[in-house]
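One letter stands for each residue in the lines below.
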Amino acid sequence: MSLYDDAVLVLKGYEGQEELRQAYLDHLAAHPDGMWKACHAGHVTASALVIDPERGRVLLTLHRKLRMWLQMGGHCEPGDPTLAAAALREATEESGISGLTLLPGGPVRLDRHPIPAPCHWHFDVQYAVLAPPGAVQQISDESLDLRWYAYDEVAGVADESVVRLLEATRARL
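Rules used throughout
Residues numbered from 1 in each chain as written. Predicted model: local features only at pLDDT ≥ 70, side-chain atom pairs only at ≥ 80, totals over all residues. Heavy atoms only, no water. Helix = DSSP H or I, 4+ residues; strand = E, 2+ residues; numbered from the N terminus. Buried < 20%, exposed > 50% of the residue type's maximum accessible area, 1.4 Å probe, protein only. Polar contact = N/O pair within 3.5 Å; in protein donor to acceptor, adjacent residues only side chain to side chain. Salt bridge = Lys/Arg side-chain N within 4 Å of Asp/Glu carboxyl O. Contact = heavy atoms within 4.5 Å. Axes fitted to C-alpha atoms, helices over the stretch in contact; angles between N-to-C directions. Parallel < 35°, antiparallel > 145°, perpendicular 65-115°, else oblique. Left-handed = near helix turned anticlockwise from the far one by under 90°. Core = buried A, V, L, I, M, F, W, Y, C linked by side-chain atoms within 4.5 Å.

Description of the overall build of the chain
When helices and strands are tallied, the chain shows five helices and eight strands. Counting from the amino terminus, the chain carries its helices and strands in the arrangement α-α-β-β-β-β-α-β-β-β-β-α-α. Along the longest, intermediate and shortest principal axes, the C-alpha atoms of the chain span 45 × 30 × 30 Å. By the burial criterion, 49% of the 173 residues in the chain qualify as buried.

Take a look at the structure:
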């Protein structure tokens, strides 16, 4: 099964955010290359919130280009077999933490946001991953900083999309 086919199946099975979910499916139906950064009409991305529920905290990255505190994530790559695998790969690469595990149940949220030209939209499929006990982060080239934040600190440093992702993740835990 191709990554495109996996994305369509994942989105068809996703419950909630019906109008936005349909916009994702419509985009993919209109753009067979809609999984890839080269699709300038917009493309699907995969992200993951790194969470440590035992200690009531999440790991955020200070994104190098956007200079915002965000969850880990980014573009799908040809070697990614599934959206979930892409999200896990991105979280592992950007956090430097090995042993992350996906929170069961598939994507936690969808978030479509505009991006600068030449592309127009990121159709982000957002997952959550659980950090292993004693996880130690390591900054990647894509980050200016990595920092653990208590749940109640996130709204003070991150935008609403991250706050909504944290709320949805905590509701699933």
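A look at the side chain of H122
For H122, the location among the structural elements is in strand β7 (residues 121-130). Reaching out from H122, the side chain makes a polar contact with the side chain of H75 at a distance of 3.3 Å.

Brief notes about the pattern of salt bridges
Under the criterion given, the structure shown has eight salt bridges. For the salt bridge of R57 with D52, the shortest nitrogen-to-oxygen distance reads 2.9 Å. Assigned by exposure class, R57 and D52 land together as buried. In this structure, the salt-bridge partner of D111 is R164, at a minimum N-O distance of 3.7 Å. Of this pair, D111 sits in strand β6 (residues 109-114) while R164 is found in helix α5 (residues 160-172), placing the two residues 53 residues apart along the sequence. What makes R164 partly exposed here is its relative accessible area of 32%. A network of salt bridges, in which partner residues are shared, links E77, D80, R89, E90 and E93.

Considering the environment of P53
Mapped onto the elements of the fold, P53 is located in the loop between β1 (43-52) and β2 (57-63). Assessed through its relative accessible area of 37%, P53 is described here as partly exposed. In this structure, P53 is in contact with L130, Y151 and L173, ignoring residues within four places of it in sequence.

Topic: the packing of helix α1 (residues 3-13) against helix α2 (residues 18-30)
Packing of α1 against α2 leaves a shortest axis separation of 10 Å and a crossing angle of 155 degrees. Looking at the two axes, α1 sits roughly antiparallel to α2. The element α1 and its partner α2 pack so that their crossing is left-handed. Between α1 and α2, the residues in contact are Y4, A7, V8, L11 and K12 and R21, Y24, L25, L28 and A29, respectively.

Quick word on the nonpolar core
Grouped together as the largest cluster of nonpolar side chains are 34 residues, with contacts concentrated most on M35, V50, L83, V125 and Y127. When residues of this core are traced back to their parent elements, those giving at least two are α1, α2, β1, α3 (83-95), β7 and β8 (143-150). Beyond its immediate stretch of four places on either side in the chain, V125 contacts L11, Y24, V44, T45, A46, S47, L83, P107, R109 and L110. Counting residues in hydrophobic clusters, the runner-up holds 18 residues, among them L70, L103, Y149 and Y151.

Considerations on unusual backbone geometry
We note that Q17 has phi near 50 degrees; this positive angle belongs to a residue other than glycine. Inspection of the secondary structure assignment puts Q17 in the loop between α1 and α2. Positive phi values are uncommon outside glycine, yet R67 reaches one of about 55 degrees. Note on placement: R67 falls in the loop between β2 and β3 (69-70).

A closer look at the side chain of H43
Summarising the element assignment, H43 is placed in strand β1. A relative accessible area of 1% means that H43 is categorised as buried. Of note is the side chain of H43, whose polar atom sits 3.1 Å from the side chain of H75. When near neighbours in sequence (up to four residues on either side) are disregarded, H43 contacts H27, G34, M35, W36, K37, H75, I115, C119, W121, H122 and F123.

Worth remembering: the numbers are spatial, not functional.
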